[in-house]
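# Chains, contacts and geometry: an overview
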Amino acid sequence: MACVTNVIEILCLFILFVVVASRPDTGKNFDVRTYGAKGDGITDSANAFMKAWKDACAQSGSSRIYIPRETFYMSDVSFKGPCKGKIVFFLSGTLLSPVNANKFKQEAWIDFQYVDNLVISGGGTIDGQGSHSWSSNMNDCGAGAMNRRRTPNMKFHSVTNSSLIGLKSLNSKSEHLSIYRVDHFNITGVNITAPGNSPNTDGIKIGHSKNMKIWDSHIGTGDDCIAILSGNSNFDIHNITCGPGHGISVGSLGRNKEEKNVEGFRVRDTVFTGTSDGIRLKTWESSVSEITVSQLLYENIQMVDVKYPINIEQNYCPCPPCPKLGDSHVQIRNVTLKNIWGTSRNKVAVKMHCSKTFPCKDIQLIDINITHNGPGGPATALCENVRGSARGKMVPPSCFK
Ligand SMILES: *[C@@H]1O[C@H](CO)[C@@H](O)[C@H](O)[C@H]1NC(C)=O
Ligand SMILES: *[C@@H]1O[C@H](CO)[C@@H](O)[C@H](O)[C@H]1NC(C)=O
Ligand SMILES: *[C@@H]1O[C@H](CO)[C@@H](O)[C@H](O)[C@H]1NC(C)=O
Ligand SMILES: *[C@@H]1O[C@H](CO)[C@@H](O)[C@H](O)[C@H]1NC(C)=O
Ligand SMILES: *[C@@H]1O[C@H](CO)[C@@H](O)[C@H](O)[C@H]1NC(C)=O
Ligand SMILES: *[C@@H]1O[C@H](CO)[C@@H](O)[C@H](O)[C@H]1NC(C)=O
């Protein structure tokens, strides 16, 4: 700029100041490449990522970890807070996991802990390269099943006021997203994919969390699309396409003593395609914990060729025989199922098999139309130890007394 006199010089400086100050504040940028990460798909960039995180986390104000549109091979990484400011983890490239997780120092491949104000965006991909692990997931009931290693693609533990936007998660070794003790957490526009026959690859598995939203996402896996475990409250799930997979499940619950209630969530505007289950509540047949599952609303849900569209099973026993300790002690109450339609592969399209000791209460069916698309006649409903009401169109006919 040509500034000759003092007055003009001051004016120029002022204009310069205005231009600089009015730039949007994208925060300080931390490009993983400046920490030595190599987007060649081969070099292990885990340390570079963790160094970038450390610096970003120590920065006050907002910072942005930038991962360009390249492929980074990375062993397990731990991103720990608390951090000084807000962090945007901007992943536009692909992260590639080692095929073998035996050397991992932690449970999950990518682990976020104790972070407030985290945003993960950028439209990138995390690839768990899990296909080699799946064969050892196969035998869920055999001897080693309990101490089998589970390695989620990504885990969030005590992460608050945060969001995960537009991520693609592929072929996790076990569940894709493991979510534990989060509060105020939004997940939108994610695409989670693993083959329908890959065991234990749940899409999103959540425990002890509250105030979550899961929106506008596609989940197709070999296990539950979303699994809601003990201690969760205030969830809003909508516009999800699920399939293949085992549907959106509450449970399994009741097996362990320290479990907490599950209450207050909505599942709306969701399509299940070719899944084994759609809406599923499962509690162990012989359960030790006395907890309540209540205030659930399922609304505007389409079933396309689903094996068990509505399935409440309080006699869950995946590895029989189960010890006969009595009926499930989980109380299910106040569940509304409204405007659910489509097709069932099984003749029993609506199955409510509740606990003898704690019968399901206040189950409301409103406008159900699920037809059986196989041989053996029209769809039926099964009621066991359940009290509730039905109104509007009702296919199959209600089994409430
Ligand atoms: C989650 O989404 C809701 C609704 O759009 C918004 O009000 C809230 O601020 C979001 N929370 C976070 C942590 O981004
Ligand atoms: C999350 O945000 C709310 C309001 O913005 C704030 O009160 C709360 O302290 C935050 N949570 C944590 C754990 O910092
Ligand atoms: C999700 O990702 C898979 C695998 O890349 C792709 O085939 C599919 O079209 C995507 N689905 C949506 C709804 O984006
Ligand atoms: C529902 O989610 C899909 C992504 O799975 C998105 O393309 C679509 O726009 C969303 N629909 C609405 C009504 O928001
Ligand atoms: C039943 O649950 C709904 C939310 O699904 C809630 O609005 C309502 O207050 C609950 N009713 C009772 C009696 O708890
Ligand atoms: C139920 O859906 C079927 C197939 O879409 C349709 O033909 C039938 O009229 C519907 N029944 C009611 C009672 O709405």
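Residues numbered from 1 in each chain as written. Chains lettered and ligands numbered in written order. Predicted model: local features only at pLDDT ≥ 70, side-chain atom pairs only at ≥ 80, totals over all residues. Heavy atoms only, no water.

Bringing the overall build of the protein into the picture now. Regarding its fold elements, the protein presents 3 helices and 29 strands. Principal-axis analysis of the C-alpha atoms gives the protein an extent of 95 × 50 × 40 Å. Residue pairs at least 24 apart in sequence account for 77% of intrachain contacts in the protein once pairs closer than 6 positions are excluded. When the accessible area of the protein is evaluated, it comes to approximately 17,800 Å², of which 53% is carbon and sulfur surface. Where the 43 positive side-chain charges of the protein centre and where its 34 negative ones centre are 2 Å apart. (Helix = DSSP H or I, 4+ residues; strand = E, 2+ residues; numbered from the N terminus. Contact = heavy atoms within 4.5 Å. Areas by Shrake-Rupley, 256 points an atom, 1.4 Å probe, with all protein chains shown as cover. Lys, Arg positive; Asp, Glu negative; His and termini not counted. Charge placed at Lys NZ, Arg CZ, Asp CG, Glu CD.)

Turning our attention to the UniProt feature "active site" (unreviewed entry) in the protein. Under the local residue numbering, the UniProt record ascribes the feature "active site" (unreviewed entry) to His246. Along the chain, the position of His246 falls in the loop between strand S19 (233-242) and strand S20 (248-253). Accessibility expressed as a relative area gives 27% for His246, which makes it partly exposed. Apart from residues no more than four positions distant in its own chain, His246 is found in contact with Gly222, Asp223, Asp224, Cys225, Ser276, Asp277 and Arg280. (UniProt positions renumbered as here; feature names shortened; annotations may be inferred. Buried < 20%, exposed > 50% of the residue type's maximum accessible area, 1.4 Å probe, protein only.)

With that settled, consider the site of ligand 2. Taken together, Asp116, Thr160 and Asn161 make up the full set of residues adjacent to ligand 2. One of the side-chain nitrogen or oxygen atoms of Asp116 is found 3.0 Å away from an oxygen atom of ligand 2. The side chain of Asn161 places a nitrogen or oxygen atom 2.4 Å from an oxygen atom of ligand 2. Within the complex, 28% of the 360 Å² of free accessible area of ligand 2 lies under protein. (Near = heavy atom within 4 Å. Polar contact = N/O pair within 3.5 Å; in protein donor to acceptor, adjacent residues only side chain to side chain.)

On the secondary structure map, Leu118 appears in strand S9 (residues 118-121). Residues contacting Leu118, with those up to four places away along its chain left out, are Trp53, Ile87, Phe89, Phe112, Phe156, Val159, Thr160, Asn161, Ser162 and Ser163.

Inspection of every chain in the model, using the stated rule, returns 4 disulfides. Each sulfur of the disulfide joining Cys57 and Cys83 lies 2.1 Å from the other. Handedness of the Cys57-Cys83 disulfide follows from its S-S torsion of about -100°: it is left-handed. Residue Cys57 is found in helix H2 (residues 46-58), and its partner Cys83 is found in the loop between strand S5 (77-80) and strand S6 (86-91); the two are separated by 26 residues along the sequence. Residue Cys57 is classed as buried on the basis of its relative accessible area of 10%. A relative accessible area of 19% places Cys83 in the buried class. For Cys383, the disulfide goes to Cys399, at an S-S distance of 2.0 Å. One quick way to see it: the torsion about the S-S bond of Cys383 and Cys399 is about 75°, and its sign makes the bridge right-handed. One end of the pair, Cys383, is in strand S28 (residues 380-384); the other, Cys399, is in the segment after strand S29 (386-395), with 16 residues separating them in the sequence. (Disulfide = S-S within 2.5 Å.)

Surveying the vicinity of ligand 1 reveals the residues Asn161, Ser162, Ser163, His184, Asn186, Lys213 and Trp215. Here Asn186 contributes a side-chain N or O atom positioned 2.3 Å from an oxygen atom of ligand 1. About the coverage of ligand 1: the protein hides 46% of its 360 Å² of free accessible area. Counting only elements with at least two residues in the shell around ligand 1, the list comes to strand S11 (154-165), strand S14 (183-188) and strand S17 (210-220). Counting residues per element, the shell around ligand 1 draws most heavily on S11, which supplies 3 residues. Residue composition of the shell around ligand 1, by class: 1 nonpolar, 5 polar and 1 charged. (Nonpolar A, V, L, I, M, F, W, Y, C, P; charged D, E, K, R; others polar.)

With that settled, consider the nonpolar core. For soluble globular proteins, nonpolar side chains are generally found buried alongside one another. The biggest cluster of nonpolar side chains holds 90 residues, and the ones touching the most others in it are Phe49, Phe112, Phe156 and Tyr298. Sort the elements by how many residues they give to this core and H2 lands first, with 7 residues. Here this core spans two domains, and each of domain 1 (27-134 + 151-221) and domain 2 (224-318 + 326-401) adds at least three residues to it. Filtering out sequence-adjacent residues up to four positions away, Tyr298 remains in contact with Val250, Phe265, Val267, Ile279, Leu281, Val335, Thr336, Leu337, Lys338 and Ile340. (Core = buried A, V, L, I, M, F, W, Y, C linked by side-chain atoms within 4.5 Å. Domains from an automatic or database assignment.)

Once that is clear, we can look at the pattern of salt bridges. It is possible for side chains bearing opposite charge to pair when their charged atoms get close. For the coordinates displayed, the defined rule picks out 11 salt bridges. A salt bridge links Glu107 to Lys155; its shortest N-O distance comes to 2.8 Å. One end of the pair, Glu107, is in the loop between strand S7 (94-96) and strand S8 (110-116); the other, Lys155, is in strand S11, and 48 residues separate them in sequence. Measuring nitrogen to oxygen at the nearest pair gives 3.6 Å for the salt bridge that ties Lys338 to Glu299. Separated by 39 residues along the polypeptide, Lys338 in strand S25 (residues 331-344) and Glu299 in strand S23 (residues 292-306) bring together distant segments of the chain. Residue class for Glu299 comes out buried when judged on its relative accessible area of 19%. A single network of salt bridges, built from pairs that share partners, joins Asp31, Arg33 and Glu70. (Salt bridge = Lys/Arg side-chain N within 4 Å of Asp/Glu carboxyl O.)

This part covers the environment of Ile340. You can see Ile340 is positioned in strand S25. Taking the C-alpha atoms as reference points, Ile340 and Ile370, separated by 30 residues in sequence, lie 7.2 Å from one another. Excluding anything up to four places from it in sequence, Ile340 contacts Ile279, Tyr298, Ile301, Met303, Ile310, Asp367, Ile368, Asn369 and Ile370.

A few words now on the packing of aromatic side chains. Per the stated rule, a full pass over the model turns up 12 aromatic pairs. Aromatic side chains Trp53 and Phe112 sit 5.8 Å apart centroid to centroid with 70° between the ring planes, which places their arrangement in the edge-to-face category. With a gap of 59 residues between them, Trp53 in helix H2 and Phe112 in strand S8 connect regions that are remote in the sequence. Both residues of the pair, Trp53 and Phe112, belong to the buried class. Seen in terms of ring centroids, Phe265 and Tyr298 are 6.3 Å apart; in terms of plane orientation they differ by 80°. Their pairing is edge-to-face. Here Phe265 is found in strand S21 (residues 262-273), whereas its partner Tyr298 is found in strand S23, with 33 residues between them in sequence. One exposure class covers both Phe265 and Tyr298, and it is buried. (Phe/Tyr/Trp six-rings, centres within 6.5 Å; stacked < 30°, edge-to-face > 60°.)

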